[in-house]
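Coordinate inspection notes
Take a look at the letters that make up each chain.
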Amino acid sequence: MEEEDQEMEEENVSQRGQRRGRQPADGSWRLTEGVPGGPSDPSLLPSFGGHVAYAIWRGQERAVLECHSRADRLRSWQIEDDRVMELITGSQLSHLSMSMHQHINMPLISAFVERWQPETNSFHMSFGEMTITLHDVWYILRIPVSGRAITSDTEPDTIKIQMSLLLSVPPEQIEEEWKSGCVKFNTVRNRLSVRGVPSERLARGYLLWMLGATLFVDKTQNRLHGHFLPFLDDLWSVDEYAWGAGALAYLYRTLGTASRAYTAQISGCMTLLQAWIFEYFPEFRPSGMTGWTDDMPHACRWQTSSTPRTSTQALSAYRRRLDQMDGVAVHWTPFGRSPHLHVPITLFTGIIHCRHITEPYMSDRVLRQFGLVQIIPFEPFIPKIVYRGHNLMKYKCVHDQMMRLWSSPEDHLIRPSDKGLWTASFGNEVSPDYRQWYEPRTHLRVSPHAVQGEDAGPRPLPSDARLQYVANRLYPVHPQNRSHYDEATWWQCINEVTVHLEDLMAPRDEAGRASTSRDPSDVGVRTWRGDPTRRPRRG
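Residues numbered from 1 in each chain as written. Predicted model: local features only at pLDDT ≥ 70, side-chain atom pairs only at ≥ 80, totals over all residues. Heavy atoms only, no water.

**Section: the overall build of the protein chain**
Across its full length, the protein chain carries 17 helices and 11 strands. Residue burial in the protein chain is summarised as follows: out of 539 residues, 58% are buried. The long-range share in the protein chain, meaning contacts at least 24 apart out of those at least 6 apart in sequence, stands at 77%. Only carbon and sulfur atoms are counted for the fraction: they give 50% of the accessible area of the protein chain, which is about 22,600 Å². (Helix = DSSP H or I, 4+ residues; strand = E, 2+ residues; numbered from the N terminus. Buried < 20%, exposed > 50% of the residue type's maximum accessible area, 1.4 Å probe, protein only. Contact = heavy atoms within 4.5 Å. Areas by Shrake-Rupley, 256 points an atom, 1.4 Å probe, with all protein chains shown as cover.)

Encoded structure:
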């Protein structure tokens, strides 16, 4: 099917963006050589010429993104019939209505979007790549991430007929408000909330309505797509679909379009994106929810009580903090040191689907999130058709759906036992040649002011982030693991733990900085070969 609804989603071409200035020539988004503030080697990120980070570096600021969320709608339709609830619960999606964040930190989301690169489907941080993985989706939302792909060739006219049957109205009545495969949200709820509606039809309509308000939020404000109806036809097989992988493919695509310089909005599951940030970056977390337990969706752990301010000053502050951040500030394995043991599909490398959307999923680029040492990754998948320029109505990226088939994911998993993959002795561990490869191919900072000396110096890490790092770093020191590591690695761990504990216990100045002689950010980045002068004494 043509990407007709990519849509309203991919941007209504942002009139706000057009008002900010004249758009560059259409071909200028493709890099053929290095650019200031960007990669000196453009081979990895050829579309950086159209990226918001490049525009910011050239002095073209972008306002805070409008982050679309429909969490407020979820309270307007409550199902009380036990039979209907049984059908909905069987889908393994029923809890989504209670897991969405009511408040979205738009400046924080905007700052992370400035670091998203669609070629690699990852956030390019100064210390390497990070992304939202399939195990992240599982733990944060607790929905199926393996199973049948969310892909369909159902014709629009067929979907229109299915919508007519669902709402029990003649096709000509549907035609009156049918627009780009949508009907109004209120129409679905109002038509199915009356007495006498069969249980299966009510359950099917509610699931469609809930999916449009949680996993697949678009920019149409008050309209609901019918294109997920084919997946709800058999209510007893809804749980067989990889809804989490579909939601991730959809979010990857919306992050890609939002990374373009003239975008003003972003859609998709904002709860998934925001909760992911809170899990991996402790210093941005709100207070946790009282009563949360580990068997609940982690999205429920971070319910915020109010909407943060949406000023450009807040965006600039987050941007500067990300520019200054090092890998020590990241909690690399928030769901356990080996998440792939519980969610094996997360090590898949190939194409994930959401209807017509095809997006590459490349777990080899973020090995630290699996508790492994990050090595130089493979080349990213090359799309058959691609346009990532300034005209957002033309944004397109089509991959070969047969590439590394999702139908046989077990054949396309990265194996931690493969040659060249090692269990990390600490969360931020990379191979000696990784940074030399990474830095010329990316943009380390977004704001040019960070390079010019403004706001110099790292912000002190909160105590919980420091303690998480220390706990991870102590892993090789444990007597049960001592024999698995060489002496240089063992002493490196001891050294770094000592430095960070000194920082935790040291007196603080008025700015909150520890008055220690050593900088904790100097350790934990590159492999240390063992320097006796830095070793603490035994006993």
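**A look at the nonpolar core**
A general tendency of soluble globular proteins is for nonpolar side chains to be buried together. Ranked by internal contacts, the top residues of the largest apolar core, which has 112 residues, are Phe112, Leu141, Trp243, Trp276 and Phe281. Broken down by element, this core gets its largest block of residues, 10 residues, from helix α11 (residues 243-258). Sequence-distant contacts of Phe281, that is, excluding residues within four places in its chain, are made with Phe112, Met125, Met130, Trp276, Met325 and Val330. Core analysis: the next-biggest nonpolar cluster, separate from the first, contains 14 residues, Tyr54, Val430, Tyr434 and Val446 among them. (Core = buried A, V, L, I, M, F, W, Y, C linked by side-chain atoms within 4.5 Å.)

**What about the pattern of salt bridges?**
One pass over the structure, following the stated rule, counts 12 salt bridges. Arg441 is the partner of Asp41 in a salt bridge, and the nearest nitrogen-oxygen pair spans 3.6 Å. With Asp41 in the loop between α2 (15-19) and α3 (52-57) and Arg441 in the loop between α14 (434-438) and α15 (448-451), the pair connects residues that are 400 residues apart, well separated along the chain. The residue Glu129 makes a salt bridge to Arg365 at a minimum N-O spacing of 2.8 Å. Taken together, the positions of Glu129 in strand β4 (residues 128-130) and Arg365 in the loop between β9 (357-362) and β10 (385-387) put the pair 236 residues apart, joining distant regions of the chain. For the pair formed by Glu129 and Arg365, the shared burial category is buried. Salt bridges sharing common partners tie together Glu61, Glu114 and Arg319. (Salt bridge = Lys/Arg side-chain N within 4 Å of Asp/Glu carboxyl O.)

**Here's the deal with the packing of aromatic side chains**
For the coordinates displayed, the defined rule picks out 33 aromatic pairs. On the numbers, 6.2 Å between centres and 45° between planes, the contact of Phe228 with Phe231 is tilted. A relative accessible area of 6% places Phe228 in the buried class. Ring geometry for Tyr280 against Phe335: centres 6.5 Å apart, planes inclined by 80°, an arrangement best described as edge-to-face. With a gap of 55 residues between them, Tyr280 in helix α12 (residues 270-280) and Phe335 in the loop between α13 (312-324) and β8 (349-354) connect regions that are remote in the sequence. (Phe/Tyr/Trp six-rings, centres within 6.5 Å; stacked < 30°, edge-to-face > 60°.)

**A look at the sheet that holds strand β3 (residues 122-125)**
Pairing in this open sheet of three strands is antiparallel, and the strands run β2-β3-β4 from one edge to the other. Bordering the open sheet on either side are β2 (116-117) and β4, each of which pairs with just one other strand. Pairing analysis gives three bridges linking β3 to β4, with the strands arranged antiparallel. Each bridged residue has a counterpart across the sheet, and for His124 the counterpart in β4 is Glu129. (Pairing = 2+ DSSP bridges.)

**Re empty space enclosed by the protein**
If you walk through the whole model with that rule in mind, you get five cavities of 30 Å³ or more. In this structure, the second largest cavity spans a volume of roughly 60 Å³. Around the second largest cavity sit His68, Ser69, Arg70, Ala71, Met100, Ala213, Thr214, Val217, Gly268, Cys269, Met270 and Thr271, which together line it. Of the residues belonging to the lining of the second largest cavity, the class tally is six nonpolar, five polar and one charged. (1 Å grid on protein atoms, 1.4 Å probe; cavity = no way out; pocket = protein on both sides within 12 Å on 5 of 7 lines; lining within 4 Å. Points joined across faces, edges and corners; volume = space filled by probe spheres on them. Nonpolar A, V, L, I, M, F, W, Y, C, P; charged D, E, K, R; others polar.)

**Structural notes on helix α9 (residues 185-192)**
Every buried residue belonging to α9 is among Phe185, Thr187, Val188, Arg189 and Leu192, and all of these are buried. Looking at the packing, one finds that the buried side of α9 touches α7 (156-167), α8 (171-177), β5 (182-184), α10 (199-213) and β6 (223-225).

**Digging into the pairing of β9**
Counting buried positions along β9 yields six of six residues, so the element is predominantly enclosed. Side chains Ile357, Glu359 and Tyr361 of β9 all project onto a buried face; the interleaved residues Thr358, Pro360 and Met362 project onto the opposite face, where all are buried too. Note: β8 against β9, six bridges, orientation antiparallel. Of the residues in β9, the one forming a bridge with Gly350 is Tyr361. Between β8 and β9, which pair antiparallel and follow one another directly, the connecting turn spans two residues, one of which, Arg355, has a positive phi of 55°.

The analysis is restricted to geometry; functional conclusions fall outside its scope.
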